[in-house]
Number of protein chains: 2
Amino acid sequence: MRNIMHLTFGFFSCQSSKMTAKAEMEAEEGYISPPPTLPSTPCSIHLGVQAGSMRRGSDVLSTSRGTVRERGRNRSWLLSSIITVNVLILGIALVSGSVFNNVKINAINLQIFLIVLVILTTAWMLYYTIYTSREDHAVLYKDSHAGPVWLRGGLVLFGICSLIMDVFKIANYVGYLHCDSAVKIAFPVVQAVFILVQTYFLWLHAKDCVQLQRNITRCGLMLTLSTNLMLWMAAVTEESLHQTVVPPEDGNSTHSYDIRAPGGYSSCNCSHSACAVLEKAYYYLYPFNIEYSLFASAMAYVMWKNVGRLVDEHNHHSLHFRLKDVLVGPAVGLVMLVAGLGTFVIYKVDVEKGDPGKRDTVLMIHYVMNTVAVTLMSVSTVAGCGIYRLDQRDHVSGKNPTRSLDVGLLIGASFGQFTICYFTIVAVVATGAEGHLNALNLAVSLLTVIQLCLQNIFIIEGLHREPFHEDMHQASVFTNPYVLQAQAHRDIHNLPGTFMETKSSPALTVHSMHVAPSAPSGSPLPQRHRLTWKRRALKEICAFLLLCNILLWIMPAFGARPQFDNTIGAEFYEFTMWAAVVNIGLPFGIFYRMHSVASLFEVFLTS
Amino acid sequence: MRNIMHLTFGFFSCQSSKMTAKAEMEAEEGYISPPPTLPSTPCSIHLGVQAGSMRRGSDVLSTSRGTVRERGRNRSWLLSSIITVNVLILGIALVSGSVFNNVKINAINLQIFLIVLVILTTAWMLYYTIYTSREDHAVLYKDSHAGPVWLRGGLVLFGICSLIMDVFKIANYVGYLHCDSAVKIAFPVVQAVFILVQTYFLWLHAKDCVQLQRNITRCGLMLTLSTNLMLWMAAVTEESLHQTVVPPEDGNSTHSYDIRAPGGYSSCNCSHSACAVLEKAYYYLYPFNIEYSLFASAMAYVMWKNVGRLVDEHNHHSLHFRLKDVLVGPAVGLVMLVAGLGTFVIYKVDVEKGDPGKRDTVLMIHYVMNTVAVTLMSVSTVAGCGIYRLDQRDHVSGKNPTRSLDVGLLIGASFGQFTICYFTIVAVVATGAEGHLNALNLAVSLLTVIQLCLQNIFIIEGLHREPFHEDMHQASVFTNPYVLQAQAHRDIHNLPGTFMETKSSPALTVHSMHVAPSAPSGSPLPQRHRLTWKRRALKEICAFLLLCNILLWIMPAFGARPQFDNTIGAEFYEFTMWAAVVNIGLPFGIFYRMHSVASLFEVFLTS
């Protein structure tokens with residue numbers, strides 16, 4: 001008893017005595033921090049000596065070091081949360097002030113606040129990049145699930161669009177420089193630098209699990225998150241106000257300045273001729289900037305969650321992408337995609353013309369296209385969920401922060417689409433749903449709600465399943481010869497099949513490990529076919545859903561706004577309210593579709 | 001190796017074979033569900049037999065049972081979340097519709113929706129109460145931290161006020177029955193029944209950790225949560241609309257009906273004379289109803305989190321409340337409380353009179369009182385945080401869902417106060433902060449923001465410390481005689497103190513276990529004094545903060561609305577916006593103060 005106690009204590013003090021004082025202060029409970037430079041073998045050599053010398057002082061020390069760890073994490077989490085709360089709520093107050101009282105607080109006050117935030121964040125990101133490039137052991141672990149390629153690719157794409165928007169803004173405001181505030185030029189300049197630095201920073205460091213300077217890093221990441229959310233909020237507000245004054249129908253009155261627009265433009269004329277074109281151009285780029293802020297926020301949040309985390313590397317299954325197994329799903333999906341893009345082009349062209357008669361026709365086509373897509377998706381998702389019920393694959397056990405975060409982001413992002421759908425449903429039902437157009441609008445909204453619920457269930461179920469990892473299962477069977485032998489016995493007794501086939505068939509091996517409890521025995525050969533069929537059906541469904549989600553992503557991302565072209569929402573709610581709902585909900589909807597595509601790809605691989 | 005494998009597998013299958021099929025389906029990973037009726041000893045007897053018989057079928061079975069557990073939890077969490085999302089977003093759309101388009105959707109549509117929700121929830125709560133009273137093993141564990149007495153007491157208090165409000169509403173609407181919809185009476189009747197059932201349900205079952213019918217219980221609790229949030233949303237909206245039409249200043253025009261008020265009252269006269277009085281009375285009771293919904297939501301959420309949880313009973317420290325240790329804190333706190341209540345009474349009386357000159361004076365007194373309170377609180381909190389830095393007590397390790405929830409609710413509820421403060425700061429700064437009144441308003445808001453940040457840090461730090469539990473520490477020292485002996489040796493060597501004193505002094509024993517790493521050795525007697533001084537100071541600070549929080553709770557809870565009496569907010573933002581901010585933020589602020597009082601009491605006990 002006494003010996004055991006000493007061994008344990010000795011080991012603890014050995015562990016911590018190898019760490020530098022700085023690392024100790026930052027080390028944390030739960031996310032155990034081993035001394036990375038030194039292997040643990042010297043510790044075990046010291047053990048006997050230390051236990052013999054009976055240094056109770058160091059025992060007590062090791063206990064209080066555990067205390068310091070726990071305290072360090074709590075404190076920096078709390079501090080970074082408090083920073084975020086204060087920045088965000090002050091920002092909301094400023095934005096509300098600039099919307100409701102443009103006389104006392106105008107966009108310039110808000111922009112000065114944003115410039116300060118952006119400069120601070122840029123400075124921190126530069127500091128972090130330089131610091132981690134100099135220190136050898138700053139980043140020892142990388143989370144392979146964080147910052148996947150679709151997220152980083154999207155970030156770069158939207159970043160480029162945002163940069164172009166900033167260039168247009170600068171060129172536009174130069175024309176007003178003789179009669180307007182210089183802050184208006186300063187803001188896009190600072191923002192352009194920020195976007196460059198941030199895209200570089202997130203591209204390089206999105207996967208980092210930071211181990212040094214955790215307090216500073218946590219606060220810095222939360223500052224980055226707050227800044228991006230503030231930029232998002234400011235952009236959404238500006239976009240909504242812009243739409244309130246210049247509704248999409250009268251596309252010719254692009255130069256009618258908003259009274260609420262800062263600086264009182266009405267008495268200020270642009271000094272060069274390109275202003276009207278530039279302004280129209282940069283308003284088209286606003287949605288990309290909004291999306292960029294959302295992407296950067298998500299990545300900063302993931303990085304913040306990963307600070308101090310140790311990732312076990314053995315989780316990396318090398319899953320291969322093979323399309324030859326599937327045929328029907330991708331084929332039908334591609335047909336949907338092509339048809340959808342065709343109707344989207346017709347829609348864009350005809351809506352741009354602004355002829356009300358034609359607009360109703362193209363809206364009808366758009367709704368029909370959406371109804372078909374969403375119905376097929378729902379049906380195939382139900383089929384997929386049914387297969388999951390039959391399928392007896394293991395659920396992934398144990399906590400996985402990245403997976404929880406993925407699920408959280410998926411459900412959170414779906415709120416945007418839910419909100420738009422329910423607002424539409426209420427508006428259409430309350431006005432009586434007269435005419436084909438309203439009936440279709442109602443049908444699309446209802447079906448989309450159902451599709452969102454089903455797709456969330458399908459993706460989350462899929463992400464929580466163990467992958468069909470053939471090599472791994474075979475390996476586990478070979479190391480456990482008893483099971484294999486028993487399996488062989490059963491096979492021989494049940495059916496005159498060859499023993500060799502059992503050994504060479506991974507599908508059968510998998511089956512033997514995950515046999516259904518309701519039917520523990522049976523003839524293996526028919527079951528082998530059923531399993532292959534199940535896996536194939538799941539892959540077909542995933543491929544189909546993936547392509548349909550790409551379609552539903554492209555249409556709003558590239559400017560389809562049936563919510564505004566169909567005037568029922570704007571008439572039912574006041575335009576401001578409706579614009580706010582759509583402008584907040586739609587970017588989340590786009591994010592949701594992109595995230596779904598990525599998650600479905602993962603489910604496709606693991607099925 | 002082979003034997004070990006079989007033993008493990010055999011144990012698993014034994015565990016699960018004792019469970020009923022139903023319980024298995026509902027059993028979950030993480031929250032391990034042992035067979036409650038049967039002890040585990042028969043399992044160990046079976047072990048040998050089972051290992052000998054080599055039933056590989058049952059091995060496979062036990063694996064897939066683990067799968068079923070994991071799946072069960074995921075599915076019911078997902079399902080209950082989806083229900084909540086759909087109910088809430090549909091509700092938001094209906095509320096927005098009724099606010100922005102009163103012609104097509106009026107309060108009656110919304111009330112029908114609410115009636116349906118309330119009836120469903122009431123039915124489920126009755127079903128749950130009857131089911132659990134009939135089944136013996138439905139609730140085996142109780143979470144002693146859930147549903148503390150302040151929360152249940154507050155629920156009953158606010159529930160009674162809500163019932164009175166409903167009675168007044170019914171009496172009022174009876175007068176309009178000849179020319180208005182009967183739904184208007186149906187809603188308060190149904191709501192009254194709901195409040196009675198819910199208060200009874202939460203009073204009895206708030207601590208339950210449900211083990212049977214988990215899927216249904218999760219969905220039912222989420223339905224309860226959604227219903228309460230919807231009732232809260234509807235009440236906040238109605239209160240805001242009411243204030244928009246009848247601003248507090250002209251108290252004589254109580255009978256001027258809102259155009260937006262449902263049913264077009266303007267052409268409908270009350271048939272009895274008490275209407276005006278009743279209506280005025282029930283609008284005074286609205287804030288209590290809003291608070292009731294928040295309390296019920298918080299309790300339903302805690303119950304939802306506790307479904308399927310197993311609580312280890314050994315965590316129940318019996319901490320005793322003794323006031324004789326502390327003097328200064330409670331004394332100063334009581335002075336503040338009495339002074340604050342005095343100014344509050346003056347404030348209420350003078351504001352009711354409606355004299356603008358007097359209003360400025362009482363507002364000034366109110367602000368000065370708040371400034372003093374908040375400043376003293378901030379200073380003492382800083383002192384408390386300083387003591388925490390000196391104090392080397394252990395941090396509580398391990399996950400505790402109730403503590404995490406407490407912290408989450410504390411931070412979440414503080415958002416309301418933060419929002420009001422920042423909105424005030426922006427408004428006052430933007431208008432130039434001219435005059436004593438504005439300067440004081442700004443000072444109070446700034447200081448409150450600081451105080452909120454500090455108090456959050458102080459409470460969270462305090463909740464994460466191990467309690468100074470004297471018996472427990474002494475017990476652990478006695479079972480570990482080696483440490484005690486060493487301690488005695490050190491004491492004897494260092495100081496000519498008596499050995500008996502060391503043994504009988506809990507403070508010193510505690511100190512010896514948690515000596516500071518920076519000063520591992522030293523004379524124990526002075527340190528004993530220092531420790532007592534630290535503990536006492538912490539208790540004084542907690543007592544003082546507790547009383548001040550009671551003051552800051554009573555003032556808004558019983559009707560102080562300086563946010564409306566000082567017209568700067570309403571003038572700066574539009575009145576609707578300002579009313580929305582205050583009406584949403586203030587109930588959270590009240591909840592925050594009550595929660596702080598409870599948390600500070602806990603910190604007081606553990607210090």
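Residues numbered from 1 in each chain as written. Chains lettered and ligands numbered in written order. Predicted model: local features only at pLDDT ≥ 70, side-chain atom pairs only at ≥ 80, totals over all residues. Heavy atoms only, no water.

As recorded in an unreviewed UniProt entry, chain A goes by the name Proton channel OTOP2 isoform X1, listed as coming from Salmo salar. If you open the UniProt record of chain A and go to Subcellular location (unreviewed entry), you find "Cell membrane". According to its UniProt record, chain A has this under Sequence similarities (unreviewed entry): "Belongs to the otopetrin family." (UniProt positions renumbered as here; feature names shortened; annotations may be inferred.)

Engineer: I would appreciate a short explanation of the overall build of chain A in the present structure.
Structural biologist: The secondary structure content of chain A amounts to 21 helices and two strands. Looking at the 607 residues of chain A, the share that counts as buried comes to 55%. Counting contacts in chain A only where the partners sit at least 6 residues apart, residues at least 24 apart contribute 88% of the total. (Helix = DSSP H or I, 4+ residues; strand = E, 2+ residues; numbered from the N terminus. Buried < 20%, exposed > 50% of the residue type's maximum accessible area, 1.4 Å probe, protein only. Contact = heavy atoms within 4.5 Å.)

Engineer: I'm lost on the packing of aromatic side chains in this one. Help?
Structural biologist: The geometry of two aromatic rings is summed up by the distance between their centres and the angle between their planes. Taken as a whole and judged by the stated rule, the model has 34 aromatic pairs over all chains. Seen in terms of ring centroids, A:F288 and A:F558 are 6.1 Å apart; in terms of plane orientation they differ by 65°. Their pairing is edge-to-face. Remark: A:F558 occurs in the loop between α18 (524–557) and α19 (562–565) and A:F288 occurs in helix α9 (residues 275–306); sequence separation between them is 270 residues. The class for A:F288 is buried, based on a relative accessible area of 14%. Each ring, one from B:W124 and one from B:F201, has its centre 5.6 Å from the other, and the planes form 70°; the classification is edge-to-face. Highlighted residues: B:W124 in helix α5 (residues 107–134) and B:F201 in helix α7 (residues 183–205), separated in sequence by 77 residues. Residue B:W124 is classed as buried on the basis of its relative accessible area, which comes to 9%. (Phe/Tyr/Trp six-rings, centres within 6.5 Å; stacked < 30°, edge-to-face > 60°.)

Engineer: Any chance you could explain the pattern of salt bridges here in plain terms?
Structural biologist: Two side chains with opposite charge may pair up if their charged atoms get near one another. All names here are of chain B. Tallying each qualifying case throughout the model produces eight salt bridges over all chains. Between R536 and E540 there is a salt bridge, with its nearest N and O atoms 3.3 Å apart. With R536 and E540 both in helix α18 (residues 524–557) and four residues apart, the pair spans about one turn of that helix. Taking relative accessible area as the criterion, E540 reaches 10% and is therefore assigned buried. (Salt bridge = Lys/Arg side-chain N within 4 Å of Asp/Glu carboxyl O.)

Engineer: Looking at this structure, how should I read the side chain of A:Q213?
Structural biologist: Residues and elements named next belong to chain A. Looking at the element boundaries, Q213 is found in the loop between β2 (208–210) and α8 (214–245). Given a relative accessible area of 12%, Q213 falls into the buried group. At 2.9 Å, the side chain of Q213 forms a polar contact with the side chain of Y127. (Polar contact = N/O pair within 3.5 Å; in protein donor to acceptor, adjacent residues only side chain to side chain.)

Engineer: How do you make sense of the nonpolar core when you look at a structure like this?
Structural biologist: A general feature of soluble globular proteins is that nonpolar side chains tend to end up buried together. Membership of the largest hydrophobic core comes to 285 residues, with the highest contact counts inside it found for A:M230, A:F458, B:M230 and B:F458. Here this core takes 17 residues from α18(A), the largest share from any one element. In this structure A:F458 touches A:T381, A:G384, A:C385, A:Y388, A:L538, A:I541, A:C542, A:L545 and A:L600, once residues within four positions along its chain are discounted. (Core = buried A, V, L, I, M, F, W, Y, C linked by side-chain atoms within 4.5 Å.)

Engineer: I'm lost on the state of the cysteines in this one. Help?
Structural biologist: In protein structure, a disulfide is the covalent linkage between the sulfur atoms of two cysteines. All names here are of chain A. As enumerated under the stated definition, the model contains two disulfides over all chains in all. One disulfide bridge connects C270 with C275, the sulfur atoms lying 1.7 Å from each other. Across the S-S bond linking C270 and C275, the dihedral sits near 55°, which makes this disulfide right-handed. Its sulfur unpaired, C209 is 18 Å from the next cysteine sulfur, which belongs to C219. Since its relative accessible area comes to 0%, C209 is described here as buried. Free cysteine C542: the closest other cysteine sulfur is in C385, separated by 11 Å. Taking the relative accessible area as the measure of exposure, C542 reaches 0% and is therefore buried. (Disulfide = S-S within 2.5 Å.)

Engineer: Could you clarify how one ought to interpret the packing of helix α13 (residues 435–463) of chain B against helix α21 (residues 575–606) of chain B in this entry?
Structural biologist: If you want to describe how two helices pack, look at the angle between their axes and the distance between the axes. Residue and element names in this part refer to chain B. At their nearest, the axes of α13 and α21 sit 9 Å apart, and the two run at 40° to each other. Our classification of the angle between α13 and α21 gives oblique. In this structure, α13 meets α21 at a crossing whose hand is left-handed. Together, T448, Q451, L452, Q455, N456, F458, I459, G462 and L463 of α13 and Y592, R593, S596, S599, L600, E602, V603 and T606 of α21 make up the contact between the two elements. Counted by class, the contact of α13 with α21 contains seven nonpolar, eight polar and two charged residues. (Axes fitted to C-alpha atoms, helices over the stretch in contact; angles between N-to-C directions. Parallel < 35°, antiparallel > 145°, perpendicular 65-115°, else oblique. Left-handed = near helix turned anticlockwise from the far one by under 90°. Nonpolar A, V, L, I, M, F, W, Y, C, P; charged D, E, K, R; others polar.)

Engineer: Explanation requested: the side chain of B:Q455 in the structure shown.
Structural biologist: You can see B:Q455 is positioned in helix α13. Residues within four places of B:Q455 in sequence aside, it is in contact with B:M377, B:T381, B:L545, B:N549, B:Y592, B:R593 and B:S596.

Engineer: Looking at this model, I keep getting lost on the environment of A:L110. Mind explaining?
Structural biologist: Residue and element names in this part refer to chain A. Residue position: L110 is located in helix α5 (residues 107–134). Between the C-alpha atoms of L110 and R152, which are 42 residues apart in sequence, the distance is 29 Å. Setting aside residues up to four positions removed in sequence, L110 forms contacts with L94, V95, S98 and A234.

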